[in-house]
Amino acid sequence: MALVPHRIAVLAVDQVVGLDLGTPDQVFSTARTDAMEQLYTVGTCTPGGRPVRSTAGFQVLPDHDLDLVRTADTVVVPGIHGGAPLADGTVDPEVAGALRSAHERGARIMSICTGAFVLAAAGLLDGRRATTHWAYADRFRRLHPAVDLDPDVLFIDSGSVLTSAGVAAGIDLCLHVIRSDHGSEVANRSARRCVMPPWRDGGQAQYIERPVPRGPEDGTAATREWARQRLHEPVALRDLAAHARMSVRTFTRHFRSETGLSPAQWLLQQRTDHARLLLETTDLTVDQVAHRCGFGTTSALRQQLHHRIGVSPTTYRRTFRGA
């Protein structure tokens, strides 16, 4: 039986950001089966199929109008650097109606960067947790007080509606969707083709402008990589600080500044992500996976998986090995 690719519509409005516009096709087109069959098809549309202006000095002439939104499995709204959604929190009624109709029929809705302003103007984010570029957080809160905005993360997956932070975070979100749909192995292959890490540490906090920049000699990146190679071993905070040649207090401060997480939170995230990969791609028992990832016991692994993604190791493996 022939594979039917998942259909993605990229909905561009006036003042669209060029990089955001190209991100979904660039990332999703790399997701393929072992037989090199495409798992997604991506098309671009605008209201009426009319050209729209980009912020990069060119116009976008799409192949589709909003009919593409009405049949898509996923709709992605790229960021914008101007127009009514940013100015006064409103959007073309035709765009709002198409987005609401797509959501009501069960399509997945995504935004990249300030595309969240379009989703909010369409009423799709009220009462939801969402994110956008940190530099636009105050404006977003002023225009859309009913949205639970979290500007400190790279993306938020609330199920049917997903939002991401600026520029490269759109790539993070697309890789996350591939991982959710088809597992870590497919997502990791896509990340390699895009020359991107499969998962970036921390959130937007590490990119917010600060008055005093840190020099590279103060970084903890080498220690994070050292810890990743030892997830199967007990790694204490004092071990991390010693590797970085810092006091525990100084290391903790630098680590949180760079990743947005405490060392303990970061280690749990790394162990959980590694466990997910082993559950998907190996025949190791759940107990063996728990030990290789440093959880020690099956119950500890089960607790962490349930806390982070809401399922047991066995259920997770059954779902993604099947995918």
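In this report, the structure presented in the accompanying data block is examined. The structure displayed is predicted, hence computed values, not measured ones.

### Side note on the overall build of the protein chain
In terms of regular secondary structure, the protein chain is built from 15 helices and 10 strands. For 323 residues, the compact-globule formula gives about 20 Å, and the C-alpha radius of gyration of the protein chain, at 21 Å, lands near that figure. The principal-axis extents of the C-alpha atoms in the protein chain amount to approximately 60 × 55 × 35 Å. Looking at the protein chain as a whole, 49% of its 323 residues are labelled buried. The long-range share in the protein chain, meaning contacts at least 24 apart out of those at least 6 apart in sequence, stands at 65%. As displayed, the protein chain offers around 15,200 Å² of accessible surface, 51% of which is attributable to carbon and sulfur atoms. On the protein chain, the mean spot of the 36 positive side-chain charges and the mean spot of the 34 negative ones are 6 Å from each other.

### Some details on helix H11 (residues 248–259)
In this model H11 runs 16 Å from its N-terminal to its C-terminal C-alpha over 12 residues, within 8% of the 16 Å that 1.5 Å per residue would give. Within H11, burial applies to Phe251, His254, Phe255, Ser257, Glu258 and Thr259. Residues of H11 that are buried make contact with helix H9 (221–228), helix H10 (237–244) and helix H12 (263–281). Once H11 finishes, Gly260 follows within two positions and takes phi at roughly 80°, a positive value.

### Overview of the pairing of strand S5 (residues 74–77)
Residues Thr74 and Val76 of S5 are buried on one face, and the alternating residues Val75 and Val77, pointing to the opposite face, are buried as well. Pairing analysis gives 3 bridges linking strand S1 (residues 6–11) to S5, with the strands arranged parallel. Bridging from a neighbouring strand, Val10 pairs with Val76 of S5. Direction of pairing for S5 relative to strand S6 (residues 108–111): parallel, over a ladder of 4 bridges. Bridge pairing links Val75 to Ile109 in S6.

### Some words on unusual backbone geometry
The residue Met36 is not glycine, and still its phi comes out positive at about 65°. Looking at the secondary structure, you find Met36 in the loop between helix H1 (18–28) and strand S2 (40–45). The exposure class of Met36 is partly exposed, given its relative accessible area of 45%.

### Focus on the packing of aromatic side chains
Aromatic ring pairs are defined here through the distance separating the ring centres and the angle between the ring planes. In this structure the tally under the stated criterion is 5 aromatic pairs. An angle of 55° between the planes, with centres 4.8 Å apart, marks the rings of Phe28 and Tyr40 as tilted. On the criterion of sequence distance, the pair formed by Phe28 in helix H1 and Tyr40 in strand S2 is long-range, its members being 12 residues apart. Here the two residues Phe28 and Tyr40 agree in accessibility, since each one is buried. Here the aromatic rings of Phe117 and Tyr136 are separated by 6.2 Å at their centres, their planes lie at 75°, and the arrangement is edge-to-face. Within this pair, whereas Phe117 is found in helix H5 (residues 115–121), its partner Tyr136 is found in the loop between strand S7 (129–130) and helix H6 (137–143), the two being separated by 19 residues in sequence. Among the aromatic residues, ring-to-ring pairing joins Phe117, Tyr136 and Phe140 into one connected group.

### So, the pairing of S2
Looking at chain direction, S1 and S2 are connected through 6 bridges and run parallel. Each bridged residue has a counterpart across the sheet, and for Ala9 the counterpart in S2 is Gly43. Each parallel crossover has a hand, and the one from S1 via H1 to S2 is right-handed.

Cut-offs applied
Residues numbered from 1 in each chain as written. Predicted model: local features only at pLDDT ≥ 70, side-chain atom pairs only at ≥ 80, totals over all residues. Heavy atoms only, no water. Helix = DSSP H or I, 4+ residues; strand = E, 2+ residues; numbered from the N terminus. Rg over C-alpha atoms; globule rule 2.2 N^0.38 Å. Buried < 20%, exposed > 50% of the residue type's maximum accessible area, 1.4 Å probe, protein only. Contact = heavy atoms within 4.5 Å. Areas by Shrake-Rupley, 256 points an atom, 1.4 Å probe, with all protein chains shown as cover. Lys, Arg positive; Asp, Glu negative; His and termini not counted. Charge placed at Lys NZ, Arg CZ, Asp CG, Glu CD. Expected span 1.5 Å × (residues − 1). Pairing = 2+ DSSP bridges. Phe/Tyr/Trp six-rings, centres within 6.5 Å; stacked < 30°, edge-to-face > 60°. Right-handed = clockwise from strand over helix to strand, strands pointing away.

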